[in-house]
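What follows is the residue order along each chain.
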Amino acid sequence: QQIVFMLDCGRRMRSQDGELAHFDHALNACLLLSYVALRQGDAVGLSTFAADQQHYLAPVKGTAQLNVLLNAVYDLNSTRRSSDYLTATTQLLARQKRRALVVLVTNLRDEDDEDLLSAVKRLSQQHQVLVASLRERILDTTRQQPVQTVEDALIYCGTVDYLNARAELHERLSAHGVPVVDARPGDLGAQLVTHYLGWKRAGKL
């Protein structure tokens, strides 16, 4: 099996979650799954988008590939660029001809709807796709806080509306046969590994 991480380096990945930005959590999650997949005998590669300089590493087997990945991302940073899913998909399809598991790591917003769906549909024609979406911890915290004032109520309602719109986007992706991992940044690595190993056991990879 070949696995390619399609890593968003754009401005939405600059959100902070604890001491680390979403982008740093995403890198850690990609490297964790890379380590596990390489140990399983799979080939791992990387494609970045919305970065100042695009990176592409073709999938390669062997534990030495982990060092190649580390060298490729050690100086990689998030940018203030917008995330163009359609262009990123076109570039990846031109490079990755063999069928692979493409793990799109990003922070989905409700405004992504049409462009993201179009990009994922194109990817799914040739590859198996998993969308990994990072969810801000503050959203969960706000939803669990008691509502005592009008301001609290407005913040709560705004948070719930945002989460509902985000959930609707995830449901639309699932309806097209594209699984979505919706995780808080610190939990992303473990959830990706769980999905991957589950698919391996089920013979889906």
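Heads up: the structure comes first, above all this text.
First things first, this report covers the structure right here in the doc. Given the structure is predicted, the values throughout are model-derived calculations rather than measurements. Residue numbers here run from 1 along each chain, matching the order of that chain's written sequence. Only residues with pLDDT of at least 70 are given local features in this predicted model, and only at 80 or more are side-chain atom pairs given and counted; all residues enter the totals for whole chains, interfaces and linings. Hydrogens are left out, water is left out, and the side-chain values use all remaining heavy atoms of the structure.

### A short note on the overall build of the chain
On a plain count of helices and strands, the chain comes out with seven helices and eight strands. Atoms counted for the radius of gyration: C-alpha only. Globule rule: 2.2 Å times the number of residues to the power 0.38. Relative to a compact globule of 205 residues, whose C-alpha radius of gyration would be 17 Å, the chain shows 17 Å and is just as compact. Viewed in the frame of its principal axes, the chain has a C-alpha envelope of about 55 × 35 × 35 Å. Accessible area is worked out with a 1.4 Å probe on protein chains only. A residue is then buried under 20% of its type maximum, exposed over 50%, and partly exposed in between. Relative to its 205 residues, the chain shows a buried fraction of 48%. The criterion used for residue contact is that any of the two residues' heavy atoms lie within 4.5 Å. Contacts in the chain between residues far apart in sequence, at least 24 positions, make up 77% of those at least 6 positions apart. Here the accessible surface of atoms and residues is derived via Shrake-Rupley with a 1.4 Å probe, and residues count as covered only by protein chains that are part of the display. Approximately 10,200 Å² of the chain is accessible, and the part contributed by carbon and sulfur atoms is 47%. The secondary structure listing takes helices from DSSP runs of H or I that are at least 4 residues long and strands from runs of E that are at least 2 residues long, numbered from the N terminus.

### So, the packing of helix α1 (residues 22-39) against helix α2 (residues 64-73)
For any two helices packed against each other, one specifies the crossing angle of their axes together with the interaxial distance. Two elements in contact, α1 and α2, have axes separated by 10 Å at closest approach and are oriented at 165°. Classified by the angle between their axes, α1 and α2 sit roughly antiparallel to one another. Remark: the crossing between α1 and α2 carries right-handed chirality. Of the residues in α2, those in contact with Leu27, Leu31, Ser34, Tyr35 and Leu38 of α1 are Gln65, Leu66, Leu69, Leu70 and Val73. Think of it as three bins: nonpolar holds Ala, Val, Leu, Ile, Met, Phe, Trp, Tyr, Cys and Pro, charged holds Asp, Glu, Lys and Arg, and polar takes everything else, Gly as well. Its residues placed into classes, the contact of α1 with α2 shows eight nonpolar, two polar and no charged. Only the stretch in contact is used when a helix axis is fitted, and all axes are lines through C-alpha atoms; the angle between N-to-C directions ranges over 0 to 180 degrees. Comment on the angle field: the value is read as roughly parallel under 35 degrees, roughly antiparallel over 145, roughly perpendicular from 65 to 115, and oblique elsewhere. In this scheme the handedness of a crossing depends on how the near helix is turned from the far one: anticlockwise by less than a right angle means left-handed, clockwise means right-handed.

### Observations regarding the pairing of strand β5 (residues 56-60)
Taken together, the three bridges between strand β4 (residues 43-49) and β5 define a ladder with antiparallel strand orientation. By the bridge assignment, valine 44 is partnered in β5 with valine 60. Two strands make a pair as long as DSSP finds a minimum of two bridges between them.

### Observations concerning the pattern of salt bridges
When a carboxyl oxygen of Asp or Glu is within 4 Å of a side-chain nitrogen of Lys or Arg, the pair counts as a salt bridge. What the rule picks out here adds up to five salt bridges. For aspartate 8, the salt bridge is made with arginine 12, and the minimal N-O distance between the two is 4.0 Å. Of the two residues examined, aspartate 8 and arginine 12, each falls in the buried class.

### Description of helix α3 (residues 85-95)
When we look at burial in α3, the residues that qualify are Tyr85, Ala88, Thr89, Leu92 and Leu93. On an axial view of α3, the arc spanned by its buried residues comes to 130°, and they lie on one face. With a side-chain oxygen lying 3.3 Å from the backbone nitrogen of leucine 86, the N-terminal cap of α3 falls on aspartate 84. As used here, the arc belongs to the directions running from the helix axis to the C-beta atoms. In protein, a polar contact requires one atom able to donate a hydrogen and another able to accept it; more generally it is a pair of N or O atoms within 3.5 Å, and residues adjacent in sequence count only if both atoms are side-chain atoms.

### Regarding unusual backbone geometry
Residues other than glycine seldom take positive phi values, yet alanine 50 does so here, at roughly 60°. Here alanine 50 lies in the loop between β4 and β5.

### Observations regarding the sheet that holds strand β8 (residues 180-183)
An order of β5-β4-β1-β6-β7-β8 is seen for the six strands of this open sheet, with the pairing classed as mixed. Looking at the sheet topology across the chains shown, the edges are occupied by β5 and β8. Across this sheet, the average inter-strand angle for adjacent strands is 15°, counted without regard to direction. Alignment of strand β1 (residues 2-8) against strand β6 (residues 101-106), held across five bridges, turns out to be parallel. Its bridge partner lying in β6, isoleucine 3 is registered against leucine 101. In the packing of α2 onto the sheet, the strands contacted are β4 and β5, and the crossing angle to β5 comes to about 170°.

### Things to note about the packing of α1 against helix α7 (residues 188-202)
Where α1 meets α7, the axes come as close as 8 Å, and the angle between the chain directions of the two elements is 30°. Relative to α7, the element α1 lies roughly parallel. The hand of the α1/α7 crossing is right-handed. Residues Ala26, Ala29, Leu32, Leu33, Val36 and Ala37 of α1 touch α7, and the partners they reach there are Leu188, Gly189, Ala190, Leu192, Val193, Tyr196 and Leu197. The residue inventory of the contact of α1 with α7, partitioned by class, reads 12 nonpolar, one polar and no charged.

### So, the side chain of serine 83
Looking at where serine 83 falls in the secondary structure, it is placed in the loop between α2 and α3. Ignoring anything within four residues of it in the chain, the contact list for serine 83 reads Asp8, Gly10, Arg12, Phe49 and Ala50.

Any functional reading would require information that these geometric values do not contain.
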